[in-house]
Amino acid sequence: MNNERIDKLVNSFKDKFDGNPDILVRAPGRVNLIGEHTDYNDGFVFPVAIDRDIMIASRRRDDLIVRLYSLDFDQSVEFSLGDIKYDEEQKWSNYPRGVAFFLQESEYKISGLDAVITGNVPLGAGLSSSAAMEVAMATTFEKINGLTIEPAEMALLCQKAENKFVGMNCGIMDQFISRMGKKDHALLLDCRSLEYDLIPLNLENIKIVVCDTGKKRGLVDSEYNKRRAECERGVKILEKFLPGISALRDVEFSDLIKYSGHIPEITEKRCRYVIKENIRVLESVEAIEEFDLLKFGDLMNESHIGLRDEYEVSCPELDAMVEIAWKIDGVIGSRMTGAGFGGCTVSVVVEDSLQELIDKVNEEYPKRTGLQPEIYICTAEDGAGVVEI
Ligand code: GLA
């Protein structure tokens, strides 16, 4: 399947730009196993890079012109590195534009290029197609110009492009895992220090299943920003009692309870979720290291309940999908993944129960929601890199 995609990409490059590309780069999407809405609270996340990616075939130019062709949208754009502006029409091109803009702002000398882009990360499903696009583009500029960009710096640059150029105020998780994922591993990331640990996933007889609800994440941007603001508000109030804290990461659960009378109810609920979710991430890693999958599954389920009842970023479609999975014996754990308000769930499932899960989802989910689900069985893959052609 990947070979076919590569052939198609290279042929399309030859078609559009004459001659061969210099390099082919890929960057994966991600699924977060646990640690949701913790990254912008300086907390912990535990994602894996998946076998769905954005690929870019490119050739260096000697001038400052960037010509991009999106194979999937059948659209071309052209811009100069000397004058990068937001594109209202072809919005997908704002990710490459933003990345080029911030690479140059960080004083990296880059030249123009011709490139063809293709991807199989489903768009708008919460599997981080945007981060994959940013990281694929940054890696392309890096390789084609013979630069060395530290992985954490690249992730931060890509996050900046998304925050300041595209205008989505995301945390660091998606860009970091797309750059740093490792085959058969999940990544525990401390989103404050950016220290990380790659944790081997012993996935023999176990599958990671992503179920797309088909519900587009309509409210996500505005509600995401509201949640961020509520967390910041919580920190502001708690700071009066706990001098020196700068994020919810620094707050003990017992302290939240102690001062909860001073915090508005909704804000307190949000803080409660984040503080507990951070603890769950660390406990999950321990559980995985001790091969205690049942414990890990319970923590995933608790995470979903917290996202549903305390953080309130789930929706009836995500809840339905998770409830269908929870009823199956061989499902170790299941929760919504990503920002919420639609998108996907992630389930960890014993291989023998995989078919039952697929059948139940296909049968029950449309009845409950009127929507058609998509099911992806994912493997944990390497982060961004060059693909041999
Ligand atoms: C989106 C953001 C991430 C993270 C998740 C929620 O995917 O891009 O930074 O905040 O939502 O965990």
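One structure accompanies this document, and this report is about it.

### So, the overall build of the chain
Turning to step 1, where the next piece is worked out: Broken down by element type, the chain carries eleven helices and twelve strands.
Turning to step 2, where the next piece is worked out: Taking 21 Å as the expected radius of gyration for a compact globule of 389 residues, we find that the chain reaches 21 Å, a close match to that expectation.
Turning to step 3, where the next piece is worked out: With respect to the principal axes defined by its C-alpha atoms, the chain has extents near 65 × 50 × 40 Å.
Turning to step 4, where the next piece is worked out: By residue count, 60% of the 389 residues in the chain fall in the buried class.
Turning to step 5, where the next piece is worked out: Of the contacts formed within the chain by residues at least 6 apart in sequence, a portion of 71% connects residues at least 24 apart.
Turning to step 6, where the next piece is worked out: As displayed, the chain has an accessible area near 16,300 Å², and 46% of this comes from carbon and sulfur atoms.
Turning to step 7, where the next piece is worked out: Between the averaged position of the 46 positive side-chain charges in the chain and that of its 69 negative side-chain charges there is a distance of 4 Å.

### Some remarks on the environment of Asp42
Turning to step 1, where the next piece is worked out: Topologically, Asp42 is positioned in the loop between strand S1 (23-34) and strand S2 (44-60).
Turning to step 2, where the next piece is worked out: In the structure, Asp42 is positioned 53 residues away from Tyr95 in sequence and 24 Å away in space, judged by C-alpha atoms.
Turning to step 3, where the next piece is worked out: Apart from the residues lying within four places of it in its own chain, the contact partners of Asp42 are Asp190, Cys191, Arg192, Ala247 and Arg249.
Turning to step 4, where the next piece is worked out: Polar contacts involving the side chain of Asp42 include one to the side chain of Arg192, which spans 3.0 Å.

### Considering the site of the ligand
Turning to step 1, where the next piece is worked out: Around the ligand, a shell composed of Arg30, Glu36, His37, Asp39, Tyr40, Cys170, Gly171, Met173, Asp174, Tyr224, Gly338 and Ala339 is seen.
Turning to step 2, where the next piece is worked out: With respect to the ligand, the backbone of His37 contributes an N or O atom lying 2.7 Å from an oxygen atom.
Turning to step 3, where the next piece is worked out: Contact with the protein chains hides 95% of the accessible area of the ligand, taken as 310 Å² for the molecule alone.
Turning to step 4, where the next piece is worked out: In the shell around the ligand, the residues fall into five nonpolar, three polar and four charged.

Conventions adopted
Residues numbered from 1 in each chain as written. Predicted model: local features only at pLDDT ≥ 70, side-chain atom pairs only at ≥ 80, totals over all residues. Heavy atoms only, no water. Helix = DSSP H or I, 4+ residues; strand = E, 2+ residues; numbered from the N terminus. Rg over C-alpha atoms; globule rule 2.2 N^0.38 Å. Buried < 20%, exposed > 50% of the residue type's maximum accessible area, 1.4 Å probe, protein only. Contact = heavy atoms within 4.5 Å. Areas by Shrake-Rupley, 256 points an atom, 1.4 Å probe, with all protein chains shown as cover. Lys, Arg positive; Asp, Glu negative; His and termini not counted. Charge placed at Lys NZ, Arg CZ, Asp CG, Glu CD. Polar contact = N/O pair within 3.5 Å; in protein donor to acceptor, adjacent residues only side chain to side chain. Near = heavy atom within 4 Å. Nonpolar A, V, L, I, M, F, W, Y, C, P; charged D, E, K, R; others polar.

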